[in-house]
Amino acid sequence: MEQIKEGLFLLLIKLEVIPADSNEYAVLIFAIGCAFIGLLAVFADLCFYLIRNQSLLGVKHGYKESIVFMVAWSFGAFIIGYVGQVLAIFQVNLLACATVGLSWPVVFVKIIEYLAEQKEIQKIADEGEQ
Amino acid sequence: MKLRELLSGRNDFENLNNIKKLITSSKKYEPSYENWKHAHELLIFSTPRQKTWLIATIKRLYCILDDVSRDAPHIAWSMSKESLVTDDKVSIEVRQHENTERTGLIDISDKHKSWLYSKNLFNTKSVEKAVIEFIEQAMIFTRRKKHDIEHGR
């Protein structure tokens with residue numbers, strides 16, 4: 001637990017990269033970081049909604065709706081953060097966390113496309129010139 | 001794959017003129033014999049993300065991969081006419097294999113194997129036939145035509 005707390009402090013407050021070999025919970029720390037940024041994103045959207053009466057995330061904010069959306073968005077970011085780590089797409093840093101937290105549906109679609117296209121991607125090779 | 005590659009890249013493919021012009025960057029390009037402006041082209045693979053071109057001059061066959069997730073297209077390989085044509089006939093073997101519903105794999109000689117091709121680009125003739133005819137057209141018929149013009153036939 002201490003390692004997770006320390007990792008989150010380094011990632012979110014000190015903006016440091018957490019190498020997987022220095023913290024065995026790097027994947028979990030990253031996924032929690034994504035969820036946290038996701039939570040902040042929905043909270044920022046709620047503030048925007050209260051000021052401008054318009055939601056950038058397309059949410060109709062209300063007591064219940066906002067809470068449900070915050071939970072769903074953060075949970076989605078958590079999962080995509082985890083999947084991204086499994087596929088070795090992300091480094092454990094705040095920039096990657098912010099990308100996933102703010103735009104995980106886009107990242108999700110891209111990951112699905114990437115996996116579906118795997119057999120249809122020409123490997124970039126340099127086979128020399130004879 | 002990195003996040004940057006997943007999300008970014010160029011917006012569009014390089015145009016055909018620039019693809020052809022790229023062959024001049026090859027160490028093997030011989031400007032005294034080859035003219036990129038008159039090079040023949042055959043698109044063998046096309047997806048929203050990648051295109052593979054075969055570009056042929058009378059002296060050399062180039063394979064160029066244009067991947068929008070990369071900064072620029074690049075020459076993946078090239079082969080000299082001597083390794084492709086003997087006695088005015090294409091001497092290499094071109095073979096295709098199944099891959100997915102939309103794509104197949106093509107071997108162009110024993111040196112360049114398992115290159116993806118798009119099946120929908122080869123509806124009227126097989127990819128093997130298309131590649132052989134393409135090499136013939138660029139390296140044999142073009143040379144003959146040039147020779148005939150030079151000798152006033």
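Residues numbered from 1 in each chain as written. Chains lettered and ligands numbered in written order. Predicted model: local features only at pLDDT ≥ 70, side-chain atom pairs only at ≥ 80, totals over all residues. Heavy atoms only, no water.

Residue and element names in this part refer to chain B. With 85% of its residues at a pLDDT of at least 70, chain B reaches an overall mean of 88. Confidence scores differ between elements of chain B, with helix α1 (residues 3-7) showing the lowest mean pLDDT of 59 and strand β1 (residues 40-46) the highest of 96. This prediction of the complex comes with two scores: 0.64 for pTM and 0.73 for ipTM. (pLDDT = per-residue confidence, 0-100. Helix = DSSP H or I, 4+ residues; strand = E, 2+ residues; numbered from the N terminus.)

Two faces belong to every sheet, and in a regular strand the side chains alternate between them. Residues and elements named next belong to chain B. Burial within strand β2 (residues 50-56) is extensive, with six of its seven residues counted as buried. Taken together, the six bridges between β1 and β2 define a ladder with antiparallel strand orientation. Looking across to β2, one finds that Ser46 is bridged to Lys51. Between β1 and β2, which pair antiparallel and follow one another directly, the connecting turn spans three residues. Looking at chain direction, β2 and strand β3 (residues 60-67) are connected through seven bridges and run antiparallel. For Leu54, the partnering residue across the bridge sits in β3 and is Cys63. (Buried < 20%, exposed > 50% of the residue type's maximum accessible area, 1.4 Å probe, protein only. Pairing = 2+ DSSP bridges.)

The next thing to look at is the sheet that holds strand β4 (residues 74-80) of chain B. Sheet architecture is open: five strands sit in the order β1(A)-β4(B)-β3(B)-β2(B)-β1(B), paired in mixed fashion. Both edges of this open sheet fall to β1 (128-129) of chain A together with β1 of chain B, since each of them pairs with a single strand only. Alignment of β3 of chain B against β4 of chain B, held across six bridges, turns out to be antiparallel. Paired with Tyr62 of chain B across the bridge in β4 of chain B is Ser78 of chain B.

On to the interface of chain A and chain B. Taken together, the contact between chain A and chain B spans 23 residues of the former and 34 residues of the latter. Together, the buried faces of chain A and chain B total about 2,400 Å²; carbon and sulfur atoms form 54% of this surface. By the criterion of area lost to chain B, the three top residues of chain A are Glu120, Gln122 and Gln130 of chain A, representing 32% of everything that side buries. The tally of links from chain A across to chain B stands at one salt bridge. Those elements that provide at least two residues to the side of chain A that touches chain B are α4 (94-117) and β1 of chain A. By residue number, the principal contributor to the side of chain A that touches chain B is α4 of chain A, which donates eight residues. For the side of chain A that touches chain B, the per-class residue count stands at eleven nonpolar, four polar and eight charged. (Contact = heavy atoms within 4.5 Å. Buried area = accessible area lost by both parts, 1.4 Å probe. Salt bridge = Lys/Arg side-chain N within 4 Å of Asp/Glu carboxyl O. Nonpolar A, V, L, I, M, F, W, Y, C, P; charged D, E, K, R; others polar.)

All names here are of chain B. Enumeration according to the criterion identifies eight salt bridges over all chains in this entry. The partner of Lys59 in a salt bridge is Glu82, with the nearest N and O atoms 3.9 Å apart. Highlighted residues: Lys59 in the loop between β2 and β3 and Glu82 in the loop between β4 and β5 (85-86), separated in sequence by 23 residues. With relative accessibility at 54%, the residue Glu82 sits in the exposed group. In this structure, Lys125 engages Glu133 in a salt bridge whose closest nitrogen and oxygen atoms are separated by 2.5 Å. Judged by relative accessible area, Lys125 falls into the partly exposed class, the value being 35%. Put simply, Glu93, Arg95 and Asp110 are held in one network by salt bridges that share partners.

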